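Summary of the model geometry
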Amino acid sequence: MAGTFVNPYTFVPFPDAPPNRARPHGHAGRSELLSGTLKVTIHTETGVLIRGFGTEETPDVPRRADGTPFIPGSSLKGALRSLHETITGGCLRVFDSDFVPGYRDSVTVNTTRGLRMAIVAEHVSEDVPPTLLVCPDEDDPPTLHHDLLVRAAGGGPPLRSGERLAVTFTRGRPDAAYRDDEGEWVVFISDAKVRDAAGGRKRNYRAQLRRYPVGAVARAVPDEVWQDFLHAVDGADDLRTAQLTKRDPGDVFADVTFNGRVIGQRHYASRRLHEGQPVWVRLDSDGEIESLRLSMIWRHPGSVSAGQRVDPGFHACREWESLCPSCQVFGSADTEGKDTPKARQNSYRGHVRFSDAVLVKRAKSKKKKGGAGKDSAIETLKLAPLGTPKPGSGQFYLVNDERVRGNAGDPPLREWGSAADLPRPRPLRGRKHYWHTELGSSPQTYRAKARPHHSSELTTDVAFLRKGNTFSATLVFTDLDEIQLGGLLAALQPSTLLGEEKVWQHIGGGKPFGFGACTLTIDPSGSDVWRTGTRYGVSCPPAKLDVEALIGQFREWMERHCPEVVQTWPLLAKALKPDTVKADKVWYPPGDSSSSPAQASEAFDTGFAFWQQTSGTEYQKKNGKRRGNPLMALPDLADDDQELPIIDKADECDLPNQQRLPGNPRGGRR
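- An unreviewed UniProt entry lists the chain under the name RAMP superfamily protein probably involved in DNA repair, from Saccharomonospora viridis.

Structure follows, in structure tokens:
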């Protein structure tokens with residue numbers, strides 16, 4: 001990679017004006033509207049990943065009763081609608097407007113000051129706050145070295161967080177510990193990954209000890225404190241991996257490994273606490289619990305929700321009588337989650353239906369044996385871990401202007417709610433699109449294939465449809481006008497609209513790894529269109545399916561009524577073209593510039609240093625200059641150069657931008 005990489009995704013900016021909403025045509029069958037069928041051919045340019053078929057041991061692709069592979073119509077409709085929304089400047093149909101990210105606390109004195117350990121007395125369910133026994137305050141709380149932690153197990157199973165211990169001391173420091181159900185002390189064991197990764201800088205792991213709260217009165221956690229806790233815990237890695245690995249809800253403890261050996265067990269982060277589990281609290285001046293956390297270094301919420309970072313006009317359509325262009329064609333469902341008569345009334349049925357896309361021509365057979373059923377259309381793979389999106393990374397997901405880039409603050413400027421959001425919150429960058437790249441078998445294998453260092457719990461066996469397959473689908477549409485039909489055709493065949501010979505579309509999952517690139521073409525000979533009124537014997541002007549002419553009509557209408565949207569089309573074309581970025585550069589932030597994807601090293605796959613170095617974190621001044629990790633933004637889609645540097649190690653430096661942002665406190669982290 002020669003020291004640089006290209007992030008797998010980019011953003012097509014939102015238009016400067018919100019969607020042009022109008023009352024839909026309805027389903028009364030107005031005679032002048034158009035109905036018909038479109039035969040669509042789909043050619044896979046890379047592998048297409050449709051998960052959830054076969055078994056965990058023997059994964060497969062979707063198949064008909066006779067064994068023929070297919071792409072579900074729902075996958076086609078979702079992909080087409082997503083592109084249609086960008087082309088027409090439609091609403092953000094799939095959008096959590098209430099989303100606010102959470103962040104891990106930094107390690108400072110202020111972070112842990114005033115914290116008290118507490119023991120869970122009772123917790124019925126996540127819907128009800130727990131009650132806690134607060135441990136006595138300690139002027140100089142002791143800790144237990146990892147060697148003593150192992151010895152305390154006495155050759156039995158590893159100590160678990162929350163177990164009671166008998167501890168002996170020499171000069172005020174623990175020199176031995178033993179399991180004792182009536183012991184004076186209780187141990188708190190936390191994750192050791194950060195310490196373990198630090199290597200020589202932090203050679204020791206120490207578990208926290210506090211006196212067990214004998215005779216303490218259980219205190220209820222206030223509702224508002226519990227809601228804050230639930231918001232914070234939802235961002236924990238344990239919850240993400242639980243979904244990926246389908247972990248048994250009965251599994252409460254995780255091994256804690258340090259220096260290559262298991263030294264104890266901690267509680268998995270969860271929305272449900274367990275009797276006897278140690279947690280951390282802060283008390284107010286009246287002794288009431290004012291905060292709750294699962295560890296001393298915990299998480300805190302950002303501020304200013306996603307919905308407040310985008311023009312309200314882009315929020316999902318709510319009223320069926322006023323719909324954006326995409327909702328008028330594909331339909332609009334109530335998104336408030338209330339199954340009431342009003343909710344059903346506010347929904348609108350779409351005008352298009354998709355059949356499954358059935359395989360009609362297999363990719364050329366590979367000599368290599370294997371695959372699901374040894375079908376030349378199918379290939380199998382041990383898939384590398386696929387993480388969840390992280391919109392809280394403000395350096396990538398938010399618009400950062402020149403006053404923010406190269407600057408830093410405390411809290412880091414990447415955070416939602418930092419000084420970078422003053423005097424106005426930074427807006428979201430736009431609609432997320434993954435790059436298309438020409439992928440031979442080797443580059444795709446490097447990106448998608450599990451490497452030896454990946455945990456077996458996070459990797460999965462998958463089957464996917466190979467590059468070079470051809471599928472056929474039928475789309476049925478009813479009661480569209482010429483402009484709407486032109487927009488639908490433009491989403492099916494965007495090359496005609498965008499004036500580009502080669503643009504691809506995404507279908508299915510695994511897009512960060514390069515899966516899902518397809519080209520769609522309309523077969524006029526297998527398609528038909530008619531005036532809706534002819535079904536009822538009404539005399540109507542003839543209708544003709546002229547794809548280029550209808551797309552041309554749509555283009556002219558958009559140029560006249562939605563010029564702000566048309567201005568984004570060249571950038572959309574850039575995102576859809578397969579040669580915009582180099583395939584061998586596309587990777588999530590690597591952590592080793594001396595390695596490469598082919599070498600599949602753990603250091604290369606570890607991007608912690610990149611995210612830290614680009615976070616916009618300010619530290620103490622040196623020689624009169626502000627220092628820190630200057631914020632580095634994701635390149636704009638309009639930029640010629642999409643490459644970013646591979647960062648091996650995060651080091652503070654003099655900030656390129658020395659101008660302090662309004663609202664940023666003076667000083668910085670020590």
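Quick word on the nonpolar core
- Counting residues in hydrophobic clusters, the biggest one holds 62 residues, and the most contacted among them are Leu38, Ile42, Leu475, Phe477, Leu488, Leu489 and Trp569.
- Ignoring sequence-local partners within four residues, the contact set of leucine 38 consists of Ala473, Thr474, Leu475, Phe477, Leu488, Leu489, Leu492, Ile522, Ser527 and Leu545.
- If you look at the next biggest cluster of nonpolar residues, it comprises 21 residues, including Val134, Phe229, Leu239 and Leu292.

Observations regarding the pairing of strand β24 (residues 357-361)
- As judged from the 2 bridges shared by strand β6 (residues 70-71) and β24, these two strands associate in the antiparallel manner. Bridged to phenylalanine 70 within β24 is valine 358.
- Sheet analysis places β24 next to strand β28 (residues 470-480), joined by 3 bridges and oriented antiparallel. Counted as the bridge partner of leucine 359 is phenylalanine 471 from β28.

Points about the sheet that holds strand β31 (residues 617-622)
- Strand order across the open sheet formed by 3 strands is β31-β32-β34, with antiparallel pairing between neighbours. The open sheet terminates on both sides in strands that have one partner only, identified here as β31 and β34 (653-654).
- Two strands pair when backbone bridges link them, and β31 and strand β32 (residues 625-629) are joined in this way by 4 bridges, in the antiparallel orientation. Looking across to β32, one finds that lysine 622 is bridged to lysine 625.

Structural notes on the sheet that holds strand β10 (residues 143-145)
- Strand order in the open sheet formed by 5 strands is β10-β14-β13-β11-β12, with antiparallel pairing between adjacent strands. Both outer strands of the open sheet, β10 and β12 (173-179), are each paired with one neighbouring strand and no more. Taken over all neighbouring pairs, the strand axes of this sheet differ in orientation by 45° on average, direction set aside.

Rules behind the numbers
- Residues numbered from 1 in each chain as written.
- Predicted model: local features only at pLDDT ≥ 70, side-chain atom pairs only at ≥ 80, totals over all residues.
- Heavy atoms only, no water.
- Core = buried A, V, L, I, M, F, W, Y, C linked by side-chain atoms within 4.5 Å.
- Buried < 20%, exposed > 50% of the residue type's maximum accessible area, 1.4 Å probe, protein only.
- Contact = heavy atoms within 4.5 Å.
- Pairing = 2+ DSSP bridges.
- Helix = DSSP H or I, 4+ residues; strand = E, 2+ residues; numbered from the N terminus.
- Axes fitted to C-alpha atoms, helices over the stretch in contact; angles between N-to-C directions.

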